[in-house]
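Spelled out from the first residue to the last, the chains are:
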Amino acid sequence: MPFPKGFLWGGATAANQIEGGYDECGKGLSIADMLTNGTHTSPRIISSETEEGLYYPNRIASDFYHHYEEDIKLMGEMGYKAYRMSIGWSRIYPTGEEEQPNEGGLQFYKKVFACLKKHGIEPVVTLSHYEMPLNLTNKYNGWADRRVIELFVKYARTVFDYYKDDVKYWLTFNEINCGCLPLGNYMSLGIRNEGTRSFLSQVDDVNKRYQALHHQLVASARAVMEGHRINPEFRIGNMIAMMPVYPLTCNPKDMLLFQKNWREMQYYCGDVQVRGAYPYFAEKFWKDNGISLEITEEDRETLKKGTVDFYSFSYYQTNCVTTDKNAAVSAGNLLMGVKNPYLQANDWGWQIDPDGLRYTLNELYSRYGIPLLIVENGLGAKDVLEEDGTIHDPYRIEYLRSHIIAMEQAVEDGVDLFGYTWWGCIDLVSASTGEMAKRYGFIYVDSDDKGNGTFKRYRKDSFYWYKKVIESNGENLD
Ligand code: BG6
């Protein structure tokens, strides 16, 4: 049996994409509540104030806030061992600046954790998954301001303390390396520069962005230190968006480009969080890009001390890179790339590549040598709810099967992988497009892109398939 005993099979979601209940129990507005719905071809709008006539899908999402008991029961029925979820910072500190936390928010997650426990499911909790209190964006321009570090540490300390007996596995920032991209300004770093309106073409100040990312890396390290102090049993990980690339050709110039991409996109943050210092190539990268950062001696000490216990990541697809300017372009969750002639893509143009997952697992394990956890992997697709309440999604089963085989091979290669949580295990709002129509779940949620529907839950074919996989600890893939 390739998968170790106790392997954490499960699913993953994020508060802002699943909960809804945006003004319940004293929650403050978060930056995600200000994003409108979009599509594959028309980008989401970042509103600075609520605008008449626009729709904000994250405010309603899948209404987990009112359905959590039913949803967790369904996870239990599938046999989940783990559920990766996040805490909405603005549910705990509505503006981020209160002296005392919001009791209503603390209670909500307490109930969620109790319910998970009842069903024998281990929570894996992200402190910050693409959201922060809107007030911190309005007042400080998000992570661009160093003072936000203290506000985050206060929040982290509060939830570590309050849930110290309920949660063992924590992640600090979701896809922290998204800050390496202009797209990450708003969603990841809470930066909304003057003139920004389109989610896809945000006004970018590269120096500000990398300074903000530095603040997040320091905050992540501080959180790790706080967490270990509060409960030495905590296991705290980072979370990186793996966006692996291949050289399109064996032209050595393509090879150099491939190496540069891996360093700047995949390793820049992970090296800091696992090894406790910026990698050697960072200096040259900053110089080449006109970036000059304020990094204090104390920051360096913090980074050294606050290294993570395990490495977690998301993996959806791969792309190619080349120096050939005429190569065909392909899409991706955060990054565009060059089309790979050997791969098929989903409806949103993301190229499906299970072998890339095996490659990535081996690559990460050989670089870091610490336990790995896959906390996102999945297929967004258009599903059809049949009249009899069934949903036939063989494409999702196929994607899942091929990626489980790739994990199995990596485990046989010797990689220490201890869990897998499928992204969007219950249909939720897409981060990039704001659609419900881009569905990832094993559980269908009856709601459309405008929040119309009964919000009733239905089991897809993949629900039953994954249940068998979990039951057999990954043996039964028929
Ligand atoms: C990851 C994010 O990048 O990809 C999730 O952590 C996101 O929040 C997921 O939902 C899938 O992307 P999308 O845009 O299809 O929702």
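Residues numbered from 1 in each chain as written. Predicted model: local features only at pLDDT ≥ 70, side-chain atom pairs only at ≥ 80, totals over all residues. Heavy atoms only, no water.

Asks: Help me understand the pattern of salt bridges in this model?
Replies: Opposite charge on two side chains permits them to pair, given that their charged atoms come into close proximity. Across all of its chains, the model carries 30 salt bridges by this definition. Between R229 and E226 there is a salt bridge, with its nearest N and O atoms 2.7 Å apart. Note that R229 and E226 are positioned in helix 8 (residues 206-230) at a spacing of three residues, about one turn of the helix. The class for R229 is exposed, based on a relative accessible area of 54%. Residue classification places E226 among the buried residues on the basis of a relative accessible area of 13%. What emerges from the salt-bridge pattern is a single network uniting D383, D393, R396, D427, R439 and K460. (Salt bridge = Lys/Arg side-chain N within 4 Å of Asp/Glu carboxyl O. Helix = DSSP H or I, 4+ residues; strand = E, 2+ residues; numbered from the N terminus. Buried < 20%, exposed > 50% of the residue type's maximum accessible area, 1.4 Å probe, protein only.)

Asks: What's the story with the packing of helix 6 (residues 147-162) against helix 8 in this structure? I'm lost.
Replies: Helix-helix packing is described using two parameters, namely the angle between the two axes and the distance between the axes. Between helix 6 and helix 8, the least distance of the axes is 9 Å, while the angle of their chain directions is 30°. Comparing their axes, helix 8 and helix 6 come out roughly parallel. For the crossing formed where helix 6 meets helix 8, the hand is right-handed. Taken together, the residues of helix 8 that come into contact with helix 6 (itself represented by I149, E150, F152, V153, A156, R157, F160 and D161) are H215, V218, A219, R222, A223, E226, G227, R229 and I230. The residue inventory of the contact of helix 6 with helix 8, partitioned by class, reads nine nonpolar, two polar and six charged. (Axes fitted to C-alpha atoms, helices over the stretch in contact; angles between N-to-C directions. Parallel < 35°, antiparallel > 145°, perpendicular 65-115°, else oblique. Left-handed = near helix turned anticlockwise from the far one by under 90°. Contact = heavy atoms within 4.5 Å. Nonpolar A, V, L, I, M, F, W, Y, C, P; charged D, E, K, R; others polar.)

Asks: What is the right way to look at the site of the ligand in this model?
Replies: Contacts to the ligand come from 15 residues, most closely from Q17, E175, A431, S432 and Y440. The separation between an oxygen atom of the ligand and a polar side-chain atom of S432 is 2.5 Å. Between an oxygen atom of the ligand and a side-chain N or O atom of K438, the distance comes to 2.8 Å. In the complex, the protein chains occlude 98% of the 370 Å² of accessible area that the ligand would expose alone. Taken together, the residues that form the shell around the ligand break down as six nonpolar, six polar and three charged. (Near = heavy atom within 4 Å. Polar contact = N/O pair within 3.5 Å; in protein donor to acceptor, adjacent residues only side chain to side chain. Areas by Shrake-Rupley, 256 points an atom, 1.4 Å probe, with all protein chains shown as cover.)

Asks: What am I meant to see in the pairing of strand 1 (residues 8-12) here?
Replies: The side chains of a regular strand alternate, first on one face of the sheet and then on the other. Within strand 1, five of the five residues are buried, which leaves it mostly tucked inside the rest of the structure. When strand 1 meets strand 12 (residues 417-423), the two strands line up parallel, connected through five bridges. The residue of strand 12 that forms the bridge with G10 is T421. Relative to strand 2 (residues 82-86), strand 1 runs parallel, the two being bridged by three bridges. Looking at the pairing, G10 lines up with A82 of strand 2. (Pairing = 2+ DSSP bridges.)

Asks: Where do I start with the nonpolar core in this structure?
Replies: For soluble globular proteins, nonpolar side chains are generally found buried alongside one another. Counting 144 residues, the largest nonpolar core has W143, W170 and Y268 as its most contacted members. The element best represented in this core is helix 8, accounting for ten residues. Setting aside residues no more than four positions away along its own chain, Y268 makes contact with C180, Y210, L213, R263, Y278, P279, A282, F285, W286 and L293. Ranked by size, the runner-up nonpolar core spans ten residues in total, among them V124, L171, M239 and F310. (Core = buried A, V, L, I, M, F, W, Y, C linked by side-chain atoms within 4.5 Å.)

Asks: So what exactly am I meant to see when it comes to helix 4 (residues 103-118) here?
Replies: Structural remark: α-helix, 3.6 residues per turn; residues separated by three or four positions point the same way. With 16 residues, helix 4 ought to run about 22 Å at 1.5 Å a step, and its terminal C-alpha atoms sit 22 Å apart, in line with that. Restricting attention to buried positions, one finds in helix 4 the residues G105, L106, F108, Y109, V112, F113, C115 and L116. Those residues of helix 4 that are buried are in contact with helix 1 (15-18), helix 2 (64-78), strand 2, helix 3 (89-92), strand 3 (122-128) and helix 6. At the C-terminal side of helix 4, G120 shows a positive phi close to 70°. (Expected span 1.5 Å × (residues − 1).)

Asks: Any chance you could explain the side chain of D383 here in plain terms?
Replies: Topologically, D383 is positioned in the loop between strand 11 (372-376) and helix 13 (394-413). In this structure the side chain of D383 is engaged in a polar contact, spanning 2.7 Å, whose partner is the side chain of Y395. Here the side chain of D383 touches K460 through a polar contact of 2.5 Å, side chain to side chain. Each residue touching D383, except ones within four places of it in the same chain, is listed here: I391, D393, Y395, R396, R439, Y444 and K460.

Asks: I keep staring at unusual backbone geometry and nothing clicks. Help me out?
Replies: Among all residues except glycine, the phi angle is most often negative; among peptide bonds, the trans geometry is most common. The backbone of C25 shows a phi angle near 50°, a positive value even though the residue is not glycine. Examined against the element boundaries, C25 turns out to sit in the loop between helix 1 and helix 2.

Asks: Quick question: what am I supposed to make of the sheet that holds strand 3 here?
Replies: Note: strands within a sheet are paired through backbone hydrogen bonds, in either parallel or antiparallel orientation. Spatial ordering of the closed barrel is given by 1-2-3-4-5-7-11-12, a layout of eight strands whose pairing is parallel. Strand-to-strand, the axes of this sheet are offset by a mean angle of 25°, without reference to chain direction. In the packing of helix 8 onto the sheet, the strands contacted are strand 3, strand 4 (169-173) and strand 5 (235-242), and the crossing angle to strand 4 comes to about 160°.

Asks: What should I look at first to understand the pairing of strand 4 in this one?
Replies: With five of five residues buried, strand 4 lies mostly within the body of the structure. Pairing of strand 3 with strand 4 involves four bridges; the strand directions are parallel. Note that in strand 4 the partner of T126 across the bridge is L171. Sheet topology note: the strand 4/strand 5 ladder contains three bridges and is parallel. Residue L171 lies in a different strand from strand 5, and its bridge partner there is G237.

Asks: What's the story with the packing of aromatic side chains in this structure? I'm lost.
Replies: Counted under the stated rule, the structure contains 44 aromatic pairs. Pairing F152 with Y155 gives two aromatic rings, centres 5.9 Å apart and planes at 65°, and the pair type is edge-to-face. Placement of both F152 and Y155 in helix 6 is noted, with a separation of three residues, approximately one turn of the helix. Note on F258 and W262: the rings are 6.3 Å apart at their centroids and 65° apart in plane angle, and the pair reads as edge-to-face. On the criterion of helical spacing, the pair formed by F258 and W262 is a turn pair, its members being four residues apart in helix 9 (residues 252-275). Each of the two residues, F258 as well as W262, counts as buried. Here a set of aromatic residues connected by ring pairs shows up, and it is made of F3, F7, W9, Y80, Y399, Y420, W422, F442 and Y466. The cationic tip of R91 hangs over the ring face of F108; the distance from NZ or CZ to the ring centre is 5.3 Å. Stacked on the ring of Y93, the Lys or Arg K154 has its end atom at 4.5 Å from the ring centre. (Phe/Tyr/Trp six-rings, centres within 6.5 Å; stacked < 30°, edge-to-face > 60°. Lys NZ or Arg CZ within 6 Å of the ring centre and 35° of its normal.)

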